Amino acid sequence: MSKKLITLIERKADEELKAYFRSLGNEKPLDCHEELVLLEHSSEDVILAYINRFRLSEKAEILMLEKVTPHVRLTYINYYGLREETQKFVIERNLL
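All of these numbers come straight from a predicted model, not from anything done at the bench.

1. Focus: the overall build of the protein chain
Within the protein chain, the secondary structure is distributed over 7 helices and 0 strands. Along the chain direction, N to C, the helices and strands of the protein chain fall in the order α-α-α-α-α-α-α. Taking 12 Å as the expected radius of gyration for a compact globule of 96 residues, we find that the protein chain reaches 13 Å, a close match to that expectation. Seen through its C-alpha atoms, the protein chain measures out along the principal axes to roughly 40 × 25 × 20 Å. When each of the 96 residues of the protein chain is scored for burial, the buried share is 39%. Sequence-distant contacts, at least 24 apart, represent 58% of the contacts inside the protein chain between residues at least 6 apart. Charged side chains of the protein chain number 15 positive and 17 negative; the gap between the two group centres comes to 2 Å.

2. Examining the packing of aromatic side chains
Tallied over the full model, the rule gives 5 aromatic pairs. Pairing F21 with Y50 gives two aromatic rings, centres 5.0 Å apart and planes at 70 degrees, and the pair type is edge-to-face. Highlighted residues: F21 in helix α2 (residues 14-23) and Y50 in helix α4 (residues 44-51), separated in sequence by 29 residues. Seen in terms of ring centroids, Y50 and F54 are 5.3 Å apart; in terms of plane orientation they differ by 40 degrees. Their pairing is tilted. Exposure class is identical for Y50 and F54. Each is buried.

3. Some points on the nonpolar core
F21, Y50 and L56 are the most contacted members of the largest nonpolar core, which has 28 residues in total. Contributing elements (two or more residues each) for this core: α1 (3-10), α2, α3 (32-41), α4, α5 (58-67), α6 (70-80) and α7 (84-93). Counting residues per element, this core draws most heavily on α4, which supplies 6 residues. Ignoring sequence-local partners within four residues, the contact set of L56 consists of K28, E35, L39, Y50, I51, E61, M64, Y76 and R83.

About the thresholds
Residues numbered from 1 in each chain as written. Predicted model: local features only at pLDDT ≥ 70, side-chain atom pairs only at ≥ 80, totals over all residues. Heavy atoms only, no water. Helix = DSSP H or I, 4+ residues; strand = E, 2+ residues; numbered from the N terminus. Rg over C-alpha atoms; globule rule 2.2 N^0.38 Å. Buried < 20%, exposed > 50% of the residue type's maximum accessible area, 1.4 Å probe, protein only. Contact = heavy atoms within 4.5 Å. Lys, Arg positive; Asp, Glu negative; His and termini not counted. Charge placed at Lys NZ, Arg CZ, Asp CG, Glu CD. Phe/Tyr/Trp six-rings, centres within 6.5 Å; stacked < 30°, edge-to-face > 60°. Core = buried A, V, L, I, M, F, W, Y, C linked by side-chain atoms within 4.5 Å.

Spatial relationships are all this shows, so hold off on functional conclusions.
Put into C-alpha coordinates, the structure is as follows:
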(Lines give C-alpha, C1' and ligand atoms only; values in the text may rest on other atoms or scores of the structure.)
Protein backbone atom coordinates (compact mmCIF):
# COMPACT_ATOMS: atom_id res chain seq x y z
CA MET A 1 0.00 0.00 0.00
CA SER A 2 1.35 3.38 -0.84
CA LYS A 3 2.23 5.69 2.02
CA LYS A 4 -0.39 8.06 0.68
CA LEU A 5 -3.17 5.55 1.33
CA ILE A 6 -1.82 4.68 4.78
CA THR A 7 -1.79 8.35 5.68
CA LEU A 8 -5.33 8.85 4.40
CA ILE A 9 -6.61 5.87 6.39
CA GLU A 10 -4.82 7.01 9.55
CA ARG A 11 -6.20 10.53 9.17
CA LYS A 12 -9.69 9.16 8.46
CA ALA A 13 -9.73 11.27 5.30
CA ASP A 14 -12.88 9.68 3.93
CA GLU A 15 -13.58 12.15 1.14
CA GLU A 16 -10.02 11.89 -0.18
CA LEU A 17 -10.09 8.08 -0.06
CA LYS A 18 -13.41 7.95 -1.88
CA ALA A 19 -12.13 10.34 -4.54
CA TYR A 20 -8.95 8.27 -4.91
CA PHE A 21 -10.88 5.02 -5.47
CA ARG A 22 -13.22 6.72 -7.95
CA SER A 23 -10.29 8.07 -9.94
CA LEU A 24 -8.62 4.69 -10.51
CA GLY A 25 -8.85 2.75 -13.73
CA ASN A 26 -9.12 -1.02 -13.82
CA GLU A 27 -6.01 -1.65 -11.74
CA LYS A 28 -6.82 -2.95 -8.27
CA PRO A 29 -4.98 -0.68 -5.81
CA LEU A 30 -4.96 -2.93 -2.72
CA ASP A 31 -3.79 -6.46 -2.00
CA CYS A 32 -5.50 -8.79 0.50
CA HIS A 33 -3.72 -7.45 3.59
CA GLU A 34 -4.40 -3.87 2.59
CA GLU A 35 -8.08 -4.64 2.08
CA LEU A 36 -8.20 -6.08 5.59
CA VAL A 37 -6.69 -2.85 6.95
CA LEU A 38 -9.22 -0.83 4.97
CA LEU A 39 -12.11 -2.88 6.38
CA GLU A 40 -10.82 -2.56 9.95
CA HIS A 41 -10.10 1.18 9.94
CA SER A 42 -12.31 2.91 7.38
CA SER A 43 -15.86 4.16 7.39
CA GLU A 44 -18.60 2.37 5.50
CA ASP A 45 -18.69 5.17 2.92
CA VAL A 46 -15.06 4.47 2.05
CA ILE A 47 -15.70 0.72 1.94
CA LEU A 48 -18.66 1.31 -0.38
CA ALA A 49 -16.50 3.50 -2.63
CA TYR A 50 -13.96 0.69 -2.83
CA ILE A 51 -16.44 -2.11 -3.52
CA ASN A 52 -18.20 0.01 -6.12
CA ARG A 53 -15.02 -0.36 -8.15
CA PHE A 54 -13.27 -3.54 -6.98
CA ARG A 55 -14.16 -6.99 -5.71
CA LEU A 56 -12.63 -7.95 -2.36
CA SER A 57 -10.18 -10.81 -1.95
CA GLU A 58 -11.47 -14.01 -0.34
CA LYS A 59 -10.17 -13.22 3.17
CA ALA A 60 -11.42 -9.65 2.97
CA GLU A 61 -14.81 -10.85 1.73
CA ILE A 62 -15.19 -13.02 4.84
CA LEU A 63 -14.11 -10.18 7.15
CA MET A 64 -16.48 -7.82 5.39
CA LEU A 65 -19.40 -10.08 6.32
CA GLU A 66 -18.52 -9.69 9.99
CA LYS A 67 -17.59 -5.99 10.04
CA VAL A 68 -20.05 -4.01 7.95
CA THR A 69 -23.75 -3.26 8.17
CA PRO A 70 -26.37 -5.29 6.30
CA HIS A 71 -26.69 -2.46 3.75
CA VAL A 72 -23.03 -2.73 2.72
CA ARG A 73 -23.17 -6.54 2.69
CA LEU A 74 -26.24 -6.51 0.46
CA THR A 75 -24.65 -3.98 -1.89
CA TYR A 76 -21.54 -6.15 -2.20
CA ILE A 77 -23.55 -9.35 -2.74
CA ASN A 78 -25.69 -7.65 -5.40
CA TYR A 79 -22.54 -6.53 -7.25
CA TYR A 80 -20.42 -9.65 -7.01
CA GLY A 81 -22.20 -12.48 -5.21
CA LEU A 82 -20.08 -14.50 -2.78
CA ARG A 83 -17.20 -16.82 -3.53
CA GLU A 84 -17.67 -20.51 -2.79
CA GLU A 85 -15.38 -20.36 0.28
CA THR A 86 -17.32 -17.40 1.64
CA GLN A 87 -20.59 -19.25 1.09
CA LYS A 88 -19.19 -22.19 3.08
CA PHE A 89 -18.20 -19.75 5.85
CA VAL A 90 -21.75 -18.37 5.97
CA ILE A 91 -23.21 -21.86 6.19
CA GLU A 92 -20.72 -23.07 8.83
CA ARG A 93 -21.37 -20.01 11.00
CA ASN A 94 -25.11 -20.20 10.42
CA LEU A 95 -25.15 -16.55 9.36
CA LEU A 96 -28.19 -14.89 7.84
